[in-house]
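One letter stands for each residue in the lines below.
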Amino acid sequence: MRVAITGALSYTGRYLTKELLSSSSSSPLATSILNFSRRTTPISSTLSGDELEKISSTPLPWGDSKAMGKSLEGVDVLYCTYWIRFERGGDTHAAASDRVASLFRSAAEAGVKKVVFSSHTRASVDSPYSYIAGKARAVESLREISAGTGMNYAVVRPCGIFGDSASESILMNNATYVLRRSPLFLLPGDGSGRFQPVHVRDMASLMTSVGAASPGTSGEELDACGPDCPTAYELFSHLNDSCGGISLVLPSRLPTTVVSQMTRPIDWFTGDVLLDGDDLDLLDSGITVADNPDDPRIKDRRSLFEWVEGMG
């Protein structure tokens, strides 16, 4: 099976790549990976030298549908994890949605058998969050293209991803930075919003399984969530205890805009966005949980709390 991944050496992509090329399998699902990215080296040592040799990299020719289709010729399954975290420099989530829609159309025209796309739990086109609405529009485009061309598709829906290491988990790593340095960690609202992220290896396993499903299987849309579904207060209190933090974690009853502004000096110091307002809003939105949190498939995945405790 010939596989293409948008970002085979990125965070989720490299675990997906490892799963597909797994040397522990007597019959790996993929013998080679086409990496649609400018990145030619992984950001961590997840992949072995032998696995890296099986990856060929090329940038996706966004805006050139003919060239994009040519790049996809001979590909059996396309895994699309591409997205933008923030709207910056004139780029928008709506534009990202248009880009992946053009990728899906090119895939269908090139004869790709199946596209697997990473969306978000409970995404809807009328979401007040442009990140979520853009993902939902991308899924709508994928459904329409599949219906019109017969190309198979699947959608996996995480609300957040953690593991393997603390540094790879953006939200947890950033929160830990604050918890270890600030005497007070204020949560917007009452801290009762729930969050059900998935371990990156479970995410990769789910994407692999739906991509490798029997020929003709199409239209699967599955939540990619883990078994733990804590409130924001429970999550950050547990994280504080486990990482040796010095913070008092308190629901502030303040709006997200006020709480996120309090972290701006840290953003300036670190050169990164520590706790984005939309990230905090999402935790209180009701959409960062699975449609069925008690799904037995979810219960078998890695525990967020156990991972936090193991990271220390």
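Here is what the cut-offs are and how they apply
- Residues numbered from 1 in each chain as written.
- Predicted model: local features only at pLDDT ≥ 70, side-chain atom pairs only at ≥ 80, totals over all residues.
- Heavy atoms only, no water.
- Helix = DSSP H or I, 4+ residues; strand = E, 2+ residues; numbered from the N terminus.
- Rg over C-alpha atoms; globule rule 2.2 N^0.38 Å.
- Contact = heavy atoms within 4.5 Å.
- Areas by Shrake-Rupley, 256 points an atom, 1.4 Å probe, with all protein chains shown as cover.
- Pairing = 2+ DSSP bridges.
- Axes fitted to C-alpha atoms, helices over the stretch in contact; angles between N-to-C directions.
- Buried < 20%, exposed > 50% of the residue type's maximum accessible area, 1.4 Å probe, protein only.
- Patch = residues over 30% accessible without salt bridge, like charges linked within 9 Å, V, L, I, M, F, W, Y side chains within 5 Å.
- Salt bridge = Lys/Arg side-chain N within 4 Å of Asp/Glu carboxyl O.
- Polar contact = N/O pair within 3.5 Å; in protein donor to acceptor, adjacent residues only side chain to side chain.

**Student:** For this particular structure, what's the right way to read the overall build of the chain?
**Tutor:** The number of helices and strands found in the chain is 13 helices and 11 strands. At 20 Å, the chain has a C-alpha radius of gyration in line with the 20 Å of a compact globule built from 312 residues. With respect to the three principal axes, the spread of C-alpha positions in the chain is 55 × 40 × 40 Å. Excluding contacts between residues fewer than 6 apart, the proportion of contacts in the chain whose partners are at least 24 apart in sequence is 78%. Here the chain has roughly 13,900 Å² of accessible surface; of this, 50% comes from carbon and sulfur atoms.

**Student:** In this structure, what is going on with the sheet that holds strand β6 (residues 152-158)? I would like to understand it.
**Tutor:** Pairing between the strands of a sheet is mediated by backbone hydrogen bonds and can be parallel or antiparallel. Here we have seven strands laid out as an open sheet, ordered β3-β2-β1-β4-β5-β6-β10, and parallel in their pairing. If you trace the sheet from one side to the other, it starts and ends with β3 (55-58) and β10 (220-224), each paired once. Ignoring strand direction, the axes of neighbouring strands in this sheet form an average angle of 20 degrees. Note that strand β1 (residues 2-5) and strand β2 (residues 32-36) share four bridges and pair parallel.

**Student:** Before we go on, may I ask you to explain unusual backbone geometry in this structure?
**Tutor:** Asp-164 follows Gly-163 through a cis peptide bond whose omega is -15 degrees. With respect to the secondary-structure elements, Asp-164 resides in the loop between β7 (161-162) and α6 (170-179). Its identity as a non-glycine residue notwithstanding, Arg-122 has a phi of 50 degrees, on the positive side. Looking at where Arg-122 falls in the secondary structure, it is placed in the loop between β5 (114-118) and α5 (130-149). What makes Arg-122 partly exposed here is its relative accessible area of 34%. Of note in this structure, Arg-253 is not a glycine but carries a positive phi near 65 degrees. Within the element layout of this structure, Arg-253 appears in the loop between β11 (248-251) and α9 (256-262).

**Student:** Help me understand a nonpolar patch on the surface in this model?
**Tutor:** A surface patch of nonpolar side chains, amounting to about 240 Å² of accessible area, comprises Leu-184, Leu-248 and Leu-250. Tracing the backbone through its elements, the reader meets Leu-248 in strand β11.

**Student:** Just to check I follow, could you spell out the pattern of salt bridges for this structure?
**Tutor:** Any two side chains of opposite charge can pair, on the condition that their charged atoms come close. Following the criterion strictly, the structure yields 14 salt bridges and no others. A salt bridge links Asp-223 to Arg-157, with the shortest nitrogen-to-oxygen separation between them at 3.0 Å. Within this pair, whereas Asp-223 is found in strand β10, its partner Arg-157 is found in strand β6, the two being separated by 66 residues in sequence. The exposure class assigned to Asp-223 is buried, which follows from its relative accessible area of 11%. Given a relative accessible area of 16%, Arg-157 falls into the buried group. The partner of Arg-302 in a salt bridge is Asp-202, with the nearest N and O atoms 2.6 Å apart. Of this pair, Arg-302 sits in the loop between α12 (296-299) and α13 (304-311) while Asp-202 is found in helix α7 (residues 200-211), placing the two residues 100 residues apart along the sequence. We classify Asp-202 as buried; its relative accessible area is 12%.

**Student:** So what exactly am I meant to see when it comes to the side chain of Ser-169 here?
**Tutor:** Here Ser-169 shows up in the loop between β7 and α6. At a separation of 3.3 Å, a polar atom in the side chain of Ser-169 contacts the main-chain carbonyl oxygen of Ser-165. In contact with Ser-169, other than residues within four places in its own chain, are Tyr-11, Phe-162, Gly-163 and Trp-307.

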